[in-house]
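Below, each chain spelled out in residue letters.
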Amino acid sequence: MSKLLVWYGELTTQRNLANRGLAFLGAGMLWLMIFLVLPGLVLIVVSFASRGAYGQLEWDFTIENYKRLAGFSLFGWTADYIVIVLRSVWVAFVTTLISVVLSYPLSFFICARPERTRYLWLTLVIIPFWTNMVIRTYAWFLILAPELPLAKVAAFFGLIPPDAPLYPNSFAVYLGMVSMFLPFVTLPLYASVERLDWTLVEAAQDLYASKVRVFMQAILPQTLPGLSVGIILTFVPAMGMFVVPDLLGGAKYMLVGNLIQQQFGASRDWPFGAAISMGLMVLTMISLQFYRRRSKEIEFV
Amino acid sequence: MSSKIDKGLSVKDIDKSFGEVKALVNVSLDVHEGEFFTLLGPSGCGKTTLLRIIAGLELRDTGRVILGGQDITDLPATKRQVNTVFQSYALFPHLNIFENVAFGLRSRKFPQNEVEGRVNRRMEMLELQEMADRYPHQLSGGQQQRVALARALVNEPDVLLLDEPMSALDAKLRAQVQVELRRLQRKLGQTFILVTHDQAEALVVSDRIAVMDQGKIIQFGTPKEVYEQPKTLFVAEFLGAANLLHGRGLDGGIQTELGFFHLKQTPKWDNGTVAIRPERIRITDNPPEKNAVKAKVREAIYRGTNIDLWLEPGPMRVRTPAHRNYELGDEVWLELPPEGLVILDE
Amino acid sequence: MRRSHPLITVLAMLTVGFLYLPLVAVAVFSVNATRYGLVWRGFTLDWYIKLFHNEFILEAAWNTLALAVVSTLVATILGTVLAIGMDRFPWGRKANTFLDLVLHIPVVIPDIILAAALVVAFGLLRLISTVFEPGLFNMIIGHITFQISFVALVVRSRLVSIGRDVEEAARDLFASTPYLLRRVTIPLLLPGIVAGAMLAFTLSLDDFVISFFTAGPESVTLPLFIFAAVRRGVTPQIHALSTLVVLITVILIVGMERVTRK
């Protein structure tokens, strides 16, 4: 007979409970195995396959795709792909940084609102968070249009030809990226700022004359939990972003996301696409690992 | 000798471990019908685990639980004529107070008119009739506690279990609720088993107390017994302040650093400890005939009804009426009467 | 309450402005009478009216809705059951860590990786069955895959907050398993399930990447339609469509807040 136990007030046996538990887990886990874990594994395998003449898969295991990603080709070494990967990391970094810098005043401002209007302001940040990214991206077309001051100013300084829009270029990509990810930082950061212990801040104000030190010693440590969530929520998806650079960067400012999309679209080179995806996956893992280590430190503080 | 108790509860030789941790070690106790019984001990002593085993919310490793002569050890919680007032009250947040109280009757499919009758009677008894349509979150802590009580009592359980029911209340309310709880139990004549870590609470409400420590019951007794005749050092210190004297056991007394003290009995040990409560020590101006200590006042704390003195040598604590003033450094004589000195087990 | 420094107020206002400026521009130009360029030629609702006569848009709207409803329905059931399975059974620590890991994958990885994995997986599955041709069926599967995680996480956090006490109390008060489920567990869990479902629905409406990779020519959704149209050149009609989508989003969010705050 299986071991008896009481679970949530119910007298049952270990086996009984395990069977019921498995029945509950079954469907959902099976789904995630078939359509999430297995495809992930297949993607790894495919990244070692090669592309046939008509875009079909050929199962001759090779590390050619990874070599290609690293820049080695028949015609020698080029930095093209490496540049795109590094650029993606850089863009993600800058996007995160600007979002953080803008999120601090915003979350402090919202926290200072009276209860009634605070939720209104918060909702104002939540709405873009949930608004379709294609719409939010292309909307910049209007702001950057040749008829509007931004493009006119740029043209005046000779940065773009007269009567040209202020896209596609790197500036437009940063603009689009920051507006895309800003709420991802603001919302978790706000949650931390709301719980801020102001007595510590005041104590720091008494101790240090400089505002920078007050921020570093009293505010930053207290908001670190929310901040690190915000950073990870921004940095990881920003590296893989594809809509913004596609619409606002064009061929001039490609990121990893576009490169992957190209392989699965026009180029129909799945193995190479899979290899790039793996590269992006590795970058994601590194970021998450970094985050996990940091968040453990935070728990100890 | 309580060999046969009709509606009483017996726990026999219960062991319980959580992994490596031994929560209960060979615990036995008998609770008589109509008794207010308290399990008293510090947190982590196993008292709540024991309560949960009686309720059927936890399974013992070995041992038996017998209720009214019937072995209920292997019955699920749903089949036991036992109800619990949880520490968190565990009210159903989505049901109004009436339905909360009615829950136990409805789940056993009592007819509607009987449900109404019994629920209304309990709610009246606990002064909840105004609250029937409200929801738990709209009630104060004290009201929620009464709902939890009503919800358990409406089932007329053979034994009512109370798991630290006062811990969420503020000190003033707690004192009042303790008295009310005691009165309620007397009126109903039902068996109550209370778990608490608050010794004052245990003394106020209980007919009998079991003092627990590290998974074992250290001492059974009436409040007076456990307070005045603590068996061990742990019991002596857990139930209020105690002055301890260590020394050699001699015929009819104990030889300590402060001298020889007469005791009512001869200690069974060679080296050991005796305890005396601060209020049992008498202060005299002239040296008493026996069991005398000369001491100097180190601290005098005025408490309104009395004064607490901390004295050298020791530090020794003495509680004395408040009609006299003491200055720091005053020299006084203390008398430690033999009837106040309790011989502790090794 | 604390007052904020004027500089902070200014910066915050500018930031909110920065978030909304593009959206406001879209809304403004959706009621502008001119077809080309950005010159104001007067107010009109023509573009909105035309939307409802554009069969491509109507079809895309229908696809979007069908995709969101079906995937949300399936994901809510699977995710809820999964959450109960994870939280209400004494799995060992290792099993819990594994389940937790799997559940978090779709939440933390860039969606383009999931999209790529699905493309490859569907490509191989096509060798077995033609059901897996790019199209609505694949899109539904893709959406369910990431929705399950979000639903399960929301429902599980609700289960955790309900806690063990009330269920034990119900047992202590003689509740049988069906009675406990009907009278306690499900009513208490319902807000969590509804919140999870609304989240899943919003995620589906919002998704572009997974849809883009798994869609076929017959299964264009609104985000896909807008994306394709934008690459050809924006028109006031697209502005009108986008404005409507944003409005629907706002309504959903406000609704979601109402449910979750209760």
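Look a little higher up for the structure.
Residues numbered from 1 in each chain as written. Chains lettered and ligands numbered in written order. Predicted model: local features only at pLDDT ≥ 70, side-chain atom pairs only at ≥ 80, totals over all residues. Heavy atoms only, no water.

Asks: How should the overall build of chain B be read in this particular structure?
Replies: Within chain B one finds eight helices and 20 strands. Expressed as lengths along the three principal axes of its C-alpha atoms, the size of chain B is roughly 75 × 45 × 35 Å. Within the span of chain B, comprising 346 residues, buried residues form 51% of the whole. Taking all contacts inside chain B whose residues are at least 6 apart in sequence as the whole, residues at least 24 apart take part in 64%. Averaged over its 44 positive side-chain charges, chain B has a centre that lies 3 Å from the centre of its 47 negative ones. (Helix = DSSP H or I, 4+ residues; strand = E, 2+ residues; numbered from the N terminus. Buried < 20%, exposed > 50% of the residue type's maximum accessible area, 1.4 Å probe, protein only. Contact = heavy atoms within 4.5 Å. Lys, Arg positive; Asp, Glu negative; His and termini not counted. Charge placed at Lys NZ, Arg CZ, Asp CG, Glu CD.)

Asks: What is the right way to look at the packing of aromatic side chains in this model?
Replies: Centre distance and the angle of the planes are the two values used to describe a pair of aromatic rings. Applying the stated rule across the entire model yields 37 aromatic pairs over all chains. Ring plane angle 40° and centroid distance 5.1 Å describe the contact between F48 of chain A and Y66 of chain A, whose orientation is recorded as tilted. With a gap of 18 residues between them, F48 of chain A in the loop between α1 (14-46) and β3 (50-51) and Y66 of chain A in helix α2 (residues 64-69) connect regions that are remote in the sequence. Among the residues examined, F48 of chain A registers a relative accessible area of 28% and is labelled partly exposed. The exposure class assigned to Y66 of chain A is partly exposed, which follows from its relative accessible area of 25%. Three or more aromatic residues joined by ring pairs form one cluster here, namely F242, F264 and W270 of chain A together with F208, F212, F213 and F227 of chain C. Sitting over the ring of F92 of chain B, R151 of chain B keeps its end group 4.9 Å from the ring centre. Here the guanidinium or amino end of R164 of chain C rests over the ring plane of Y8 of chain A, the centre of that ring lying 4.6 Å away. (Phe/Tyr/Trp six-rings, centres within 6.5 Å; stacked < 30°, edge-to-face > 60°. Lys NZ or Arg CZ within 6 Å of the ring centre and 35° of its normal.)

Asks: What's the story with the packing of α1 of chain A against helix α3 (residues 55-87) of chain C in this structure? I'm lost.
Replies: In a pair of packed helices, the angle between the axes and the distance between the axes together describe the arrangement. For the pair α1 of chain A and α3 of chain C, interaxial distance at closest approach is 8 Å and the crossing angle is 130°. Accordingly, the angle class assigned to the pair α1 of chain A and α3 of chain C is oblique. You can see that α1 of chain A and α3 of chain C cross each other, and the crossing is left-handed. Facing α1 of chain A, whose interface residues are G21, F24, L25, A27, G28, M29, W31 and L32 of chain A, α3 of chain C presents L78, V81, L82, I84, G85 and M86 of chain C. (Axes fitted to C-alpha atoms, helices over the stretch in contact; angles between N-to-C directions. Parallel < 35°, antiparallel > 145°, perpendicular 65-115°, else oblique. Left-handed = near helix turned anticlockwise from the far one by under 90°.)

Asks: Explain the pattern of salt bridges to me, please; I cannot follow it from the model alone.
Replies: Opposite charge on two side chains allows them to pair when their charged atoms are near. Residue and element names in this part refer to chain B. As enumerated under the stated definition, the model contains 29 salt bridges over all chains in all. Between E331 and K294 there is a salt bridge, with the nearest N and O atoms lying 3.3 Å from each other. Here E331, found in strand β19 (residues 331-335), pairs with K294, found in strand β16 (residues 292-302); they are 37 residues apart in sequence, far enough to count as distant. Overall, the relative accessible area of 46% leaves K294 in the partly exposed class. Linked through salt bridges whose partners overlap, the residues forming this network are R60, R64, D71 and D74. (Salt bridge = Lys/Arg side-chain N within 4 Å of Asp/Glu carboxyl O.)

Asks: Explain the pairing of strand β9 (residues 208-213) of chain B here, please?
Replies: All names here are of chain B. Counting buried positions along β9 gives six out of six residues, so the element sits mostly inside the fold. As defined by bridge partners, strand β3 (residues 36-40) adjoins β9 across four bridges and the pair is classed as parallel. If you follow L39 over to β9, its bridge partner there is A210. In terms of strand pairing, β9 meets strand β10 (residues 216-221) through five bridges, oriented antiparallel. Each residue of the ladder has a partner; that of M212, found in β10, is I217. The turn linking β9 back onto β10 is made up of two residues, and Q214 within it adopts a positive phi angle of 50°. (Pairing = 2+ DSSP bridges.)

Asks: Teacher, can you tell me more about the sheet that holds strand β13 (residues 259-262) of chain B here?
Replies: Sheet strands associate in pairs through backbone hydrogen bonding, adopting either a parallel or an antiparallel arrangement. All names here are of chain B. Strand order in the open sheet made by the five strands is β13-β12-β11-β14-β20, with antiparallel pairing throughout. Edge positions in the open sheet fall to β13 and β20 (342-343), since each of these has one partner strand only. Here strand β12 (residues 253-256) runs beside β13; their pairing, made up of four bridges, is antiparallel. Residue pairing in the sheet places T256 in a bridge with G259 of β13.

Asks: Could you clarify how one ought to interpret the interface of chain C and chain A in this entry?
Replies: Accessible area lost when the parts come together is the quantity often used to give the size of an interface. The interface is formed by 94 residues belonging to chain C together with 83 residues belonging to chain A. Taking both partners together, chain C and chain A bury about 8000 Å²; carbon and sulfur atoms supply 82% of that area. Between chain C and chain A we count two salt bridges in total. R171 of chain C is the salt-bridge partner of E10 of chain A, the closest N and O atoms lying 3.7 Å from each other. Applying the counting criterion to the chain C and chain A interface returns eight residue pairs in polar contact (both at pLDDT 80 or more). Here the side of chain C that touches chain A gets 16 residues from one element, more than from any other, and that element is helix α1 (residues 6-29) of chain C. Across the side of chain C that touches chain A, the residue classes tally to 66 nonpolar, 13 polar and 15 charged. (Buried area = accessible area lost by both parts, 1.4 Å probe. Polar contact = N/O pair within 3.5 Å; in protein donor to acceptor, adjacent residues only side chain to side chain. Nonpolar A, V, L, I, M, F, W, Y, C, P; charged D, E, K, R; others polar.)

Asks: What am I meant to see in α3 of chain C here?
Replies: Turn by turn, an α-helix covers 3.6 residues, leaving residues three or four places apart pointing in a common direction. Between its terminal C-alpha atoms α3 of chain C stretches 47 Å, which fits the 48 Å expected from 33 residues at 1.5 Å a residue. Two or three places before F56 of chain C, at the opening of α3 of chain C, N54 of chain C has a side-chain oxygen 2.9 Å from that residue's backbone nitrogen. (Expected span 1.5 Å × (residues − 1).)

Asks: Would you explain the pairing of β16 of chain B in this entry?
Replies: Within a regular strand, side chains alternate between the sheet's two faces. Residue and element names in this part refer to chain B. With five bridges joining them, β16 and β19 adopt antiparallel strand pairing. Its bridge partner lying in β19, A295 is registered against V332. Pairing geometry for β16 and strand β17 (residues 306-312), over six bridges, is antiparallel. Across the sheet, Y302 pairs through a bridge with I307, a residue of β17. Linking β16 to β17, which pair antiparallel, is a turn of three residues; within it G304 sits at a positive phi near 85°.

Asks: Sorry if this is basic, but what is going on with the sheet that holds strand β6 (residues 82-85) of chain B here?
Replies: All names here are of chain B. What the six strands build is an open sheet, ordered β6-β7-β8-β3-β9-β10; its pairing is mixed. Lying at the two open borders of the sheet, with one neighbouring strand each, are β6 and β10. Across this sheet, the average inter-strand angle for adjacent strands is 20°, counted without regard to direction. As defined by bridge partners, β6 adjoins strand β7 (residues 159-163) across four bridges and the pair is classed as parallel. Along β7, the bridge assignment pairs V82 with V159. Packed on one face of the sheet, helix α4 (residues 141-153) meets β6, β7 and β8 (191-196) and runs near 175° to β6.

Asks: How do you make sense of α4 of chain B when you look at a structure like this?
Replies: All names here are of chain B. Here α4 contains 13 residues, and its C-alpha end-to-end distance of 18 Å stays within 8% of the 18 Å for a straight helix at 1.5 Å per residue. The buried count for α4 comes to eleven of 13 residues, which makes it a mostly enclosed element. Buried within α4 are the following residues: G142, Q143, Q144, Q145, V147, A148, L149, A150, R151, A152 and L153.

Asks: Sorry, what's going on with the environment of V125 of chain A here?
Replies: Within the secondary structure, V125 of chain A sits in helix α4 (residues 115-130). Excluding residues that lie within four positions of it along the chain, V125 of chain A makes contacts with L106, I110, P183, T186 and L187 of chain A together with Y20 of chain C.

Asks: What exactly am I supposed to notice about the interface of chain A and chain B here?
Replies: Facing five residues of chain A, the contacting portion of chain B comprises eight residues. Between chain A and chain B, a total of about 490 Å² is buried, with carbon and sulfur atoms accounting for 73% of that surface. When the buried area of chain A at its contact with chain B is split by residue, V6, G9 and L11 of chain A rank highest and sum to 82% of it. On the surface where chain A and chain B come into contact, there are zero salt bridges.

Read these as layout, nothing more, since geometry by itself doesn't imply function.
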